[in-house]
Amino acid sequence: MMKYNTALTIAGSDPSGGAGLQADLKTFSALGVYGATAVVAVVDENTTGVYGVHPIPESFVAGQIRSVLTDIGADAVKIGMLHSSELIRTVLATLRDFPDVRNIVLDPVMVATSGDPLLEADAVGTLRDELIPYSRVITPNLPEASLLLGETVCHQDQFEDAARALSGIGGGNVSVMLKAGHIENTDIIVDIFYNAETDSFLRLPSQKVETVNTHGTGCTLSSAIAAWLAKGTDLNTAARLGKKYIASAIIAGADYKIGTGHGPVHHFYSLW
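Since the structure is predicted, the reported quantities are computational estimates derived from the model, not experimental observations.

All right, on to the overall build of the chain then. A count of helices and strands for the chain gives eight helices and nine strands. Whereas a compact globule of 272 residues would reach a radius of gyration of roughly 19 Å, the chain reaches 17 Å, a difference of no more than 12%. Projected onto its principal axes, the C-alpha coordinates of the chain cover approximately 45 × 40 × 40 Å. Each of the 272 residues in the chain was classed as buried or not, and the buried ones make up 55%. Here the contacts in the chain between residues at least 6 apart in sequence split such that 68% fall between residues at least 24 apart. For the chain, the accessible area works out to roughly 11800 Å², and carbon and sulfur atoms hold 53% of it. Side-chain charges of the chain comprise 18 positive and 29 negative groups, with the mean position of each set lying 6 Å from the other.

Shown next, in the form of structure tokens:
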């Protein structure tokens, strides 16, 4: 029998389909990976903002993760929005019961594209000190990196030092995709990938695209990296191909009109 490459996303839902676990599943599918989900929250959200979050009980989240991993398994796990300390610790404790699942890609989601907070204030420390060190890759943007480090990261010449500092958070040794999308007055965006396993840096440039369709870009990039890891690539290849995928999806979706706010990227640009 043939076997799928599989990935599990642990994330909140987005009814508008552009971010959250919906974006994760689209990304997995576009890259040829079978996707499964553990829903942590039902979010009242569209392209203009977040209007409510309905948490799923922690024990039920743990049950979903166990159901997937004991039956289907996962070649990689993507973790998105975890809104509370209790939920973060539940997810971590459950994953620890499956030590063979180590391709964990964490998108440290704290604020939505619209500017709405998605993480309780006291959960930042739990994410930083407990979950990040257990992950293999994290994908912070500049505001998230600044919050995690307790200092402002806003210039390209800070990236390498910031990535190294993020890698060692909580005594860990996690690889870091530091995203440059918030840098202004530039035509070229240069993300930095710090491979903690080889102690090396990878510069990943792309053309900056003027578009409002940036909803779910962080979810999509982290899912793309997870998908490539699920397919057996090394870290640098996963980072490079993940960046290529999101950059292409942004370009392809730039001129579409969905909703009245921040629209999505085009996840299936290679198919239609």
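Remark: a regular strand shows side chains that alternate across the two faces of the sheet. Pairing analysis gives six bridges linking strand β2 (residues 34-46) to strand β3 (residues 49-55), with the strands arranged antiparallel. Its bridge partner being in β3, valine 42 is matched across the sheet by histidine 54. The hairpin turn running from β2 into β3, its antiparallel successor, is two residues long.

With that settled, the discussion passes to the layout of surface pockets. In this structure, the second largest pocket encloses a volume near 210 Å³. In terms of lining, the second largest pocket is formed by Ser16, Gly17, Lys26, Gly253, Tyr256, Ile258, Pro264, Val265, His266, His267, Phe268 and Trp272.

Let us look at the packing of aromatic side chains. A full pass over the atoms with the stated rule returns three aromatic pairs. Ring geometry for tyrosine 194 and phenylalanine 201: centres 4.9 Å apart, planes at 40 degrees, overall tilted. You can call tyrosine 194 buried: its relative accessible area is 6%. By relative accessible area, which is 25% here, phenylalanine 201 ends up partly exposed. Here tyrosine 245 and tyrosine 269 contribute two aromatic rings whose centre-to-centre distance is 5.7 Å and whose plane-to-plane angle is 40 degrees, an arrangement assigned as tilted. Residue tyrosine 245 is found in helix α8 (residues 235-253), and its partner tyrosine 269 is found in the segment after α8; the two are separated by 24 residues along the sequence. Its relative accessible area of 4% is what places tyrosine 245 among the buried residues. Residue tyrosine 269 is classed as partly exposed on the basis of its relative accessible area of 29%. For arginine 102, the ring lying beneath its charged end belongs to tyrosine 134, and the centroid distance is 4.3 Å. Residue placement shows lysine 231 over the ring face of tryptophan 228; its charged tip is 4.3 Å from the ring centre.

Helix length check: helix α2 (residues 58-71) (14 residues) gives 20 Å between terminal C-alpha atoms against 20 Å at 1.5 Å per residue, within 8%. Val61, Ala62, Gln64, Ile65, Val68 and Leu69 are the residues of α2 that are buried. Relative to the axis of α2, the buried residues are bounded by an arc of 155 degrees and lie together on one face. Exposed and facing more than 90 degrees away from the buried side of α2 are Ser59, Phe60, Thr70 and Asp71. If you follow the buried residues of α2, they end up packed against β1 (6-12), β2 and α3 (85-96). Among the residues trailing α2, glycine 73 stands out with phi positive, at a value near 80 degrees.

The residue histidine 266 is located in the segment after α8 in this model. Those residues in contact with histidine 266 that sit more than four places away from it in its chain are Ala249, Ala252, Gly253, Tyr256 and Trp272.

Glancing now at unusual backbone geometry. Phi at aspartate 199 takes a positive value of approximately 50 degrees, unusual for a residue other than glycine. The partly exposed category is assigned to aspartate 199, whose relative accessible area is 44%.

Quick notes on the rules
Residues numbered from 1 in each chain as written. Predicted model: local features only at pLDDT ≥ 70, side-chain atom pairs only at ≥ 80, totals over all residues. Heavy atoms only, no water. Helix = DSSP H or I, 4+ residues; strand = E, 2+ residues; numbered from the N terminus. Rg over C-alpha atoms; globule rule 2.2 N^0.38 Å. Buried < 20%, exposed > 50% of the residue type's maximum accessible area, 1.4 Å probe, protein only. Contact = heavy atoms within 4.5 Å. Areas by Shrake-Rupley, 256 points an atom, 1.4 Å probe, with all protein chains shown as cover. Lys, Arg positive; Asp, Glu negative; His and termini not counted. Charge placed at Lys NZ, Arg CZ, Asp CG, Glu CD. Pairing = 2+ DSSP bridges. 1 Å grid on protein atoms, 1.4 Å probe; cavity = no way out; pocket = protein on both sides within 12 Å on 5 of 7 lines; lining within 4 Å. Points joined across faces, edges and corners; volume = space filled by probe spheres on them. Phe/Tyr/Trp six-rings, centres within 6.5 Å; stacked < 30°, edge-to-face > 60°. Lys NZ or Arg CZ within 6 Å of the ring centre and 35° of its normal. Expected span 1.5 Å × (residues − 1). Arc of directions from axis to C-beta.

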